[in-house]
Amino acid sequence: MIHPSEPNPFLPVGATSLAETDGPSERPRTVLVLGGGGMRGMAHIGVLKAIEEAGIQVDAVVGTSIGALIGAMYAGGLSVAEIEPFARQLKKDDYFKLSTLRILLKGHRTPSLYQGQRFHDSLEKVLPVRSFADMKIPFYCNAVSLETGGSVFWGSTGFDDVDVIDAVYSSCALPAVFEPFEHGGNHYIDGGIADPVPLRFAKTLSPELLLAVDLTVKGTYKSYGYKKRAFGTLFRSFEIAEEVLVEHMLHLHAGPGVVLIQPKVGHLHRFDFEDVSEVIEAGHMEGRAVLTSNVATRDLVSQDIVEGMACPAVPRDYVTLHIDPARCIGCGMCQAVCETDGFWAQGGLASVRKQRNYDCTRDHACARNCPTNAIRLGNL
């Protein structure tokens, strides 16, 4: 965390705080974090729609992978009404084309299975600006160096000289799917490999309110069926690592001032182009539900939205914990992984210590790690 007396290197030149970039001082300085998740990322559009309807102004956007693409479009000046039609007409062939000839010629030495240039060209058509300096809202996206293993955040000081298109491409470049982006002697790949929901970086921007959209597959949502294929194993392994990373990130950084939005899209495949409208609506519904109920945002929301909802918003300030005693085997895994002491599993079957777990980080670690599916979480 940057000390208040030190200049913040992540802000635009000349600004000392996000408050100087836009907006009145009486409202909270707000940073929006859009996580990775493949085509599930279309839910970000629905969340943005909910944010606009609520009248909440965003002062900076931090994106990862698909969150970098949607975030760059929005921060670059496109409205949700302009982004949504683009998403609804997406076709897989517009972005993915097998490098058949290269695979035949190079075999296992080929840098990727799909043509990264095709994806790069598609970004040129949809991103409204090419320079970070031209962004309407300060924007940052992450990528990981294959040489060092370290993350960079394009748009921050020292990393704002690259083309926005290259930055977004690198943040979306899943390993083995698209070629890495080469810059300054390093090869950069998908930022979600190391930080799928970059709360840690977002906090260095010193926000008073942090809205974070998490699209990782959770234990309480049924994931798509695993298929016994090389690609199926590769992507499912990536998602498991992604879940664990987000779990630890939420343990460290969830808390007051962090509003977590988790659209229920975990049952969809990462590259499912068929249900875009459904995914957008899932993000919209979850965004409205959370923004109108979370203690950090509900007083900021336009009353027109609250009155227009079909049913009263259920407060999201707590999570209920449930254990099925018929399934519990007393292994103690729930107690081991829960960072908020929600369970007690010593001396027999596990039991719930807090019926209303006000401190829950919503990482779903207990349900995901329960080997018998005995745990169910409520009010999510």
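Keep in mind that what you see is a predicted model, and the values were worked out from it rather than measured.

Moving on to the overall build of the protein chain. When helices and strands are tallied, the protein chain shows 13 helices and 13 strands. Burial statistics for the protein chain: of 380 residues in total, 53% are counted as buried. For the protein chain, the computed accessible surface area is about 17200 Å², with 53% contributed by carbon and sulfur atoms.

Glancing now at the packing of aromatic side chains. With the rule as written, the count across this model stands at 9 aromatic pairs. An angle of 70° between the planes, with centres 5.9 Å apart, marks the rings of Trp154 and Phe159 as edge-to-face. Trp154 sits in the buried class, given a relative accessible area of 0%. Look at Phe159 and you get partly exposed, because its relative accessible area is 30%. Put simply, the rings of Trp154, Phe159, Phe181 and Tyr188 pair up and form one aromatic cluster.

Moving on: the confidence of the model for the protein chain. When pLDDT is averaged across the protein chain, the result is 83; 80% of the residues are at 70 or more. Within the model, pLDDT remains below 50 along residues 1-25, and this stretch shows 40 contacts once partners closer than five positions in the same chain are excluded.

Positionally, Ser171 belongs in helix H7 (residues 164-172). Here the side chain of Ser171 touches Asn142 through a polar contact of 2.8 Å, landing on its backbone oxygen. The contact partners of Ser171, leaving out residues within four places of it in the chain, are Gly63, Thr64, Ser65, Ala68, Cys141, Asn142, Ala143, Asp190 and Gly191.

Counted by the stated rule, this structure contains 11 salt bridges. With a shortest N-O distance of 2.6 Å, Arg27 and Asp59 are connected by a salt bridge. With Arg27 in the segment before strand E1 (30-34) and Asp59 in the loop between helix H1 (43-54) and strand E2 (60-63), the pair connects residues that are 32 residues apart, well separated along the chain. Asp59 matches Arg27 in its accessibility class, with the two residues each being buried. Between Glu286 and Lys264 there is a salt bridge; the shortest N-O distance is 3.2 Å.

All buried positions along helix H3 (residues 80-88) are accounted for by Val80, Ile83, Glu84, Phe86 and Ala87. Buried positions in H3, seen along its axis, are confined to an arc of 165° and lie on one side of it.

In this section: the sheet that holds strand E13 (residues 375-378). If you trace the 3 strands from one edge of the open sheet to the other, you get E12-E9-E13, paired in antiparallel fashion. The open sheet has two edge strands with one neighbour each: strand E12 (356-357) and E13. Both strand E9 (residues 319-323) and E12 contribute to a ladder of 2 bridges, which runs antiparallel. Looking across to E12, one finds that Val319 is bridged to Asn357.

With that settled, the discussion passes to the state of the cysteines. Applying the stated criterion across every chain yields a total of 0 disulfides. Left unpaired, Cys141 is separated from the closest cysteine sulfur, that of Cys172, by 7.9 Å. Of all cysteine sulfurs, the one in Cys328 lies closest to Cys334, which takes part in no disulfide; the gap is 6.4 Å. Its relative accessible area of 8% is what places Cys334 among the buried residues.

Within the secondary structure, Phe153 sits in strand E4 (residues 151-154). The sequence separation of Phe153 and Ser171 amounts to 18 residues, and the corresponding C-alpha distance is 9.3 Å. Phe153 has contacts with Val62, Cys141, Asn142, Phe159, Asp195, Pro198 and Phe201, leaving out every residue within four places of it along the chain.

Thresholds applied
- Residues numbered from 1 in each chain as written.
- Predicted model: local features only at pLDDT ≥ 70, side-chain atom pairs only at ≥ 80, totals over all residues.
- Heavy atoms only, no water.
- Helix = DSSP H or I, 4+ residues; strand = E, 2+ residues; numbered from the N terminus.
- Buried < 20%, exposed > 50% of the residue type's maximum accessible area, 1.4 Å probe, protein only.
- Areas by Shrake-Rupley, 256 points an atom, 1.4 Å probe, with all protein chains shown as cover.
- Phe/Tyr/Trp six-rings, centres within 6.5 Å; stacked < 30°, edge-to-face > 60°.
- pLDDT = per-residue confidence, 0-100.
- Contact = heavy atoms within 4.5 Å.
- Polar contact = N/O pair within 3.5 Å; in protein donor to acceptor, adjacent residues only side chain to side chain.
- Salt bridge = Lys/Arg side-chain N within 4 Å of Asp/Glu carboxyl O.
- Arc of directions from axis to C-beta.
- Pairing = 2+ DSSP bridges.
- Disulfide = S-S within 2.5 Å.

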